[in-house]
Amino acid sequence: MYYSLPLRPLMNHKKVRVRFAPSPTGGLHLGGVRTVLYNYLFARHHGGDFVLRIEDTDQSRFVSGAEEYIMQCLTWCGILPDESPANPGLYGPYRQSERKALYAQYALQLVEQGNAYFAFDTTEGLEAMRENYKTEHHNAQYDARTRGFMRNSLTLSKEELTDLLACNTPHVIRIKMPVDQTLVFTDMIRGKVSFDTNLVDDKVLLKADGTPTYHLAVVVDDYLMKITHAFRGEEWLPSAPVHLLLWQYLGWESEMPQWAHLPLILKPDGNGKLSKRDGDRLGFPVFAMDWTDPRSNEQTIGFCERGFLPEAFINMLAMLGWNSGMEQEIFSKDELIQHFSIARVHKGGAKFDYEKAKWYNHQYIQQTDNTRLVDLLQPFIADKILPTDACKLATVIGLVKERLHLLGEFWEQASFFFIRPETIDIAAIQAKWNENTKQFFVLLAQKFAASTDWNHDTIELVFNEAVAEAGIKKGEAMLPLRVMLVGGKFGPGVFAIAEQIGITETVARIEQAISLL
Ligand code: GLU
């Protein structure tokens with residue numbers, strides 16, 4: 001039998017409703033944020049709703065604090081849902097744990113229809129099946145081949161079944177996968193995808209404690225919440241046949257959302273899915289924000305705390321698996337909304353490139369207003385800078401921002417504006433140091449100390465006068481002056497630095513360096 005669903009037109013009569021459905025089990029991987037982002041962009045592009053549904057039915061995987069953390073990440077990224085546990089709409093509750101009572105009736109309906117069955121197998125019974133029915137090439141699973149040998153409502157007599165249910169014997173409800181069918185659906189990214197039902201196992205739909213598994217819950221919730229399009233990671237593709245059948249068996253087929261299975265985000269070398277461990281190994285973040293696992297206390301750094309701007313982060317993520325068809329790489333959120341189309345999401349995985357991610361951040365740092373950068377920098381300098389006025393900080397940021405790829409690099413590039421460098425690269429000065437240069441710097445310090453005006457232009461003027469009087473080359477004097485003020489051969493324009501650190505400090509740093517040489 002061949003069963004196929006046509007792809008419905010993208011904008012049908014219904015309002016677009018999409019959902020991000022994370023399980024609160026840990027840090028939010030950048031792949032998860034990209035799923036949120038594509039949901040969000042698609043919803044906004046089509047004037048639809050974006051729903052956050054927390055899939056916390058699996059209590060064994062539940063991690064406290066993870067839901068709040070997901071909300072923090074979405075808030076930081078500026079991609080907030082229209083409906084969520086915190087901001088419920090008409091289709092709540094938005095946490096599966098609060099929807100528990102809803103699901104069992106559908107599982108029972110399926111049993112009644114003959115599309116699902118009760119299964120009373122013990123852990124040992126399941127293990128024995130896996131052992132007894134495995135072959136050289138195939139692992140055994142609970143399916144058409146093995147279900148006839150197991151303890152379930154398909155093999156038990158009516159009386160046995162009634163007794164077991166009457167005694168509340170622990171049991172699950174499993175879907176009964178049909179035999180010899182090819183299921184086909186049209187994925188918005190991959191086009192026609194087909195599955196052989198013989199290869200899919202009889203997944204548990206309702207667990208012994210009466211709670212649904214992901215498979216049942218996702219279908220029931222997408223239906224009841226009137227979801228029209230479902231974007232999820234490629235890893236969920238193998239579950240699609242089960243979901244397809246549930247939509248069909250429950251009689252909701254015409255309401256089934258259009259699915260888009262998003263390509264994986266790959267390790268930089270393209271060899272497999274990017275994991276948190278790759279980030280640890282290669283020294284870059286993989287989670288959106290810092291995450292501390294409450295069970296192990298293990299801390300993992302996030303893009304936010306590494307010094308990414310949220311708009312750079314989402315611009316970079318948008319391009320990781322999608323292209324606009326234009327040369328342009330920098331897109332504001334509004335531009336992304338305007339240009340985003342599922343037709344341009346790639347089928348193949350996207351390699352993560354940390355250098356490119358930093359390039360995006362660098363671009364955004366350049367175009368961000370210095371006063372906003374002052375705010376964004378606070379967490380990175382809170383323990384460093386002595387109270388200073390925001391105005392000076394904004395000026396300094398303006399001077400060094402072109403050197404920054406991460407906000408976290410600010411201190412390393414700018415500490416000398418606020419505190420005297422602990423060490424000076426004396427060797428860099430010594431190469432060209434002689435009696436003439438020494439005399440020049442003594443003279444320069446005197447002239448600076450006597451200055452009445454102190455700004456970039458007057459400082460340069462005084463410097464030029466001293467160069468002329470001492471009869472040395474300007475080029476020979478510039479580098480040593482920089483090293484004296486900064487500590488090394490880096491930083492923005494040396495007169496701008498002198499202006500910011502002030503007369504007294506400039507003179508003191510020159511005199512201190514002379515005494516060391
Ligand atoms: N709870 C699933 C997850 O954590 C959701 C998958 C889906 O979107 O259907 O990825």
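The shown structure was predicted, so the numbers you read here are calculated from the model rather than taken from an experiment.

**A word on the packing of aromatic side chains**
Turning to step 1, where the next piece is worked out: What the rule picks out here adds up to 32 aromatic pairs.
Turning to step 2, where the next piece is worked out: Judged by centre distance (4.9 Å) and plane angle (80°), the rings of Phe440 and Phe441 are edge-to-face.
Turning to step 3, where the next piece is worked out: We classify Phe441 as buried; its relative accessible area is 0%.
Turning to step 4, where the next piece is worked out: Ring centres 5.2 Å apart and planes at 90° place the aromatic pair Phe448 and Trp454 in the edge-to-face group.
Turning to step 5, where the next piece is worked out: With a relative accessible area of 1%, Phe448 lands in the buried category.
Turning to step 6, where the next piece is worked out: Joined through ring pairs, the aromatic side chains of Trp76, Phe284, Phe303, Phe308, Phe313, Phe352 and Tyr354 make up one cluster.
Turning to step 7, where the next piece is worked out: Over the ring of Tyr142 we find Arg174; its NZ or CZ atom is 3.8 Å from the centre of that ring.
Turning to step 8, where the next piece is worked out: Here Lys356 stacks its cationic end above the ring of Trp359, 4.3 Å away from the centre of that ring.

**Regarding the pattern of salt bridges**
Turning to step 1, where the next piece is worked out: This model, assessed by the stated rule, comprises 32 salt bridges.
Turning to step 2, where the next piece is worked out: Arg19 is paired through a salt bridge with Asp222; the nearest N and O atoms lie 2.9 Å apart. Of this pair, Arg19 sits in strand β2 (residues 17–20) while Asp222 sits in helix α6 (residues 214–224); the two residues are 203 residues apart in sequence, bridging distant segments of the chain.
Turning to step 3, where the next piece is worked out: Look at Asp222 and you get buried, because its relative accessible area is 2%.
Turning to step 4, where the next piece is worked out: Note that Arg53 and Glu55 form a salt bridge whose closest N and O atoms lie 2.8 Å from each other. This pair shows no difference in class: Arg53 is buried, exactly as Glu55 is.
Turning to step 5, where the next piece is worked out: Within the structure, one salt-bridge network assembled from shared partners comprises Arg19, Arg53, Glu55, Arg99, Asp221 and Asp222.

**Examining the packing of α6 against helix α7 (residues 240–249)**
Between two packed helices, the angle of one axis relative to the other and the distance separating the axes together describe the packing.
Turning to step 1, where the next piece is worked out: Their axes nearest at 10 Å, the elements α6 and α7 cross at an angle of 50°. By the angle between their directions, the pair α6 and α7 is classed as oblique. The interaxial crossing formed by α6 with α7 has right-handed handedness. Between α6, through Tyr214, His215, Leu216, Val218, Val219, Asp222 and Tyr223, and α7, the contact on the second element is made entirely by Val242, His243, Leu246 and Trp247.

**Things to note about α6**
Turning to step 1, where the next piece is worked out: With nine of its eleven residues buried, α6 lies for the most part within the structure.
Turning to step 2, where the next piece is worked out: Within α6 the residues assigned to the buried category are Tyr214, His215, Leu216, Ala217, Val218, Val219, Val220, Asp221 and Asp222.
Turning to step 3, where the next piece is worked out: Its buried side turned inward, α6 meets β2, α3 (100–113), β8 (204–206), β9 (229–233) and α7.
Turning to step 4, where the next piece is worked out: Looking at the residues trailing α6, positive phi occurs at Lys226, about 55°.

**With respect to the site of the ligand**
Turning to step 1, where the next piece is worked out: Arg19, Ala21, Ser23, Glu55, Tyr214, Val218, Arg232 and Trp236 make up every residue found near the ligand.
Turning to step 2, where the next piece is worked out: Here an oxygen atom of the ligand sits 2.8 Å away from a polar atom, N or O, in the side chain of Arg19.
Turning to step 3, where the next piece is worked out: Within the contact set of the ligand, an oxygen atom lies 2.5 Å away from a side-chain nitrogen or oxygen of Tyr214.
Turning to step 4, where the next piece is worked out: Contact with the protein chains covers 83% of the free accessible surface of the ligand, which is 300 Å².
Turning to step 5, where the next piece is worked out: Residues of the shell around the ligand, tallied by class, amount to four nonpolar, one polar and three charged.

**A look at unusual backbone geometry**
Turning to step 1, where the next piece is worked out: Cis geometry marks the peptide bond from Gly92 to Pro93; its omega dihedral reads -10°.
Turning to step 2, where the next piece is worked out: As for its placement among the helices and strands, Pro93 is situated in the loop between α2 (66–77) and α3.
Turning to step 3, where the next piece is worked out: In this structure, Asp180 is a non-glycine residue whose phi angle is positive, near 55°.
Turning to step 4, where the next piece is worked out: Summarising the element assignment, Asp180 is placed in the loop between β5 (172–175) and β6 (182–187).
Turning to step 5, where the next piece is worked out: On the accessibility criterion, Asp180 (53% relative accessible area) is exposed.
Turning to step 6, where the next piece is worked out: Positive phi values are uncommon outside glycine, yet Asn297 reaches one of about 65°.
Turning to step 7, where the next piece is worked out: On the basis of relative accessible area, Asn297 is assigned to the exposed category, the value being 57%.

**Focus on the packing of helix α10 (residues 310–318) against helix α12 (residues 354–367)**
Turning to step 1, where the next piece is worked out: Relative to each other, α10 and α12 sit at 135°, their axes nearing to 9 Å. Looking at the two axes, α10 sits oblique to α12. Pair α10 / α12 crosses with right-handed handedness. Facing Glu311, Ala312, Asn315 and Met316 of α10, the residues of α12 in contact are Ala357, Tyr360, Asn361 and Tyr364.
Turning to step 2, where the next piece is worked out: Split by residue class, the contact of α10 with α12 holds five nonpolar, two polar and one charged.

**Regarding α7**
Along an α-helix, residues three or four positions apart point the same way, because every turn accommodates 3.6 residues.
Turning to step 1, where the next piece is worked out: The buried fraction of α7 amounts to nine of the ten residues, a majority that puts the element mostly inside the structure.
Turning to step 2, where the next piece is worked out: Taken residue by residue, α7 has Ala240, Pro241, Val242, His243, Leu244, Leu245, Leu246, Trp247 and Tyr249 as its buried positions.
Turning to step 3, where the next piece is worked out: Once α7 finishes, Gly251 follows within two positions and takes phi at roughly 80°, a positive value.

**Let's talk about the pairing of strand β4 (residues 116–119)**
Turning to step 1, where the next piece is worked out: Neither face of β4 is exposed, since Ala116 and Phe118 on one face and Tyr117 and Ala119 on the opposite face are all buried.
Turning to step 2, where the next piece is worked out: Sheet analysis places β4 next to β5, joined by four bridges and oriented antiparallel. Paired with Phe118 across the bridge in β5 is Ile173.

Conventions and cut-offs
- Residues numbered from 1 in each chain as written.
- Predicted model: local features only at pLDDT ≥ 70, side-chain atom pairs only at ≥ 80, totals over all residues.
- Heavy atoms only, no water.
- Phe/Tyr/Trp six-rings, centres within 6.5 Å; stacked < 30°, edge-to-face > 60°.
- Buried < 20%, exposed > 50% of the residue type's maximum accessible area, 1.4 Å probe, protein only.
- Lys NZ or Arg CZ within 6 Å of the ring centre and 35° of its normal.
- Salt bridge = Lys/Arg side-chain N within 4 Å of Asp/Glu carboxyl O.
- Helix = DSSP H or I, 4+ residues; strand = E, 2+ residues; numbered from the N terminus.
- Axes fitted to C-alpha atoms, helices over the stretch in contact; angles between N-to-C directions.
- Parallel < 35°, antiparallel > 145°, perpendicular 65-115°, else oblique.
- Left-handed = near helix turned anticlockwise from the far one by under 90°.
- Contact = heavy atoms within 4.5 Å.
- Near = heavy atom within 4 Å.
- Polar contact = N/O pair within 3.5 Å; in protein donor to acceptor, adjacent residues only side chain to side chain.
- Areas by Shrake-Rupley, 256 points an atom, 1.4 Å probe, with all protein chains shown as cover.
- Nonpolar A, V, L, I, M, F, W, Y, C, P; charged D, E, K, R; others polar.
- Pairing = 2+ DSSP bridges.

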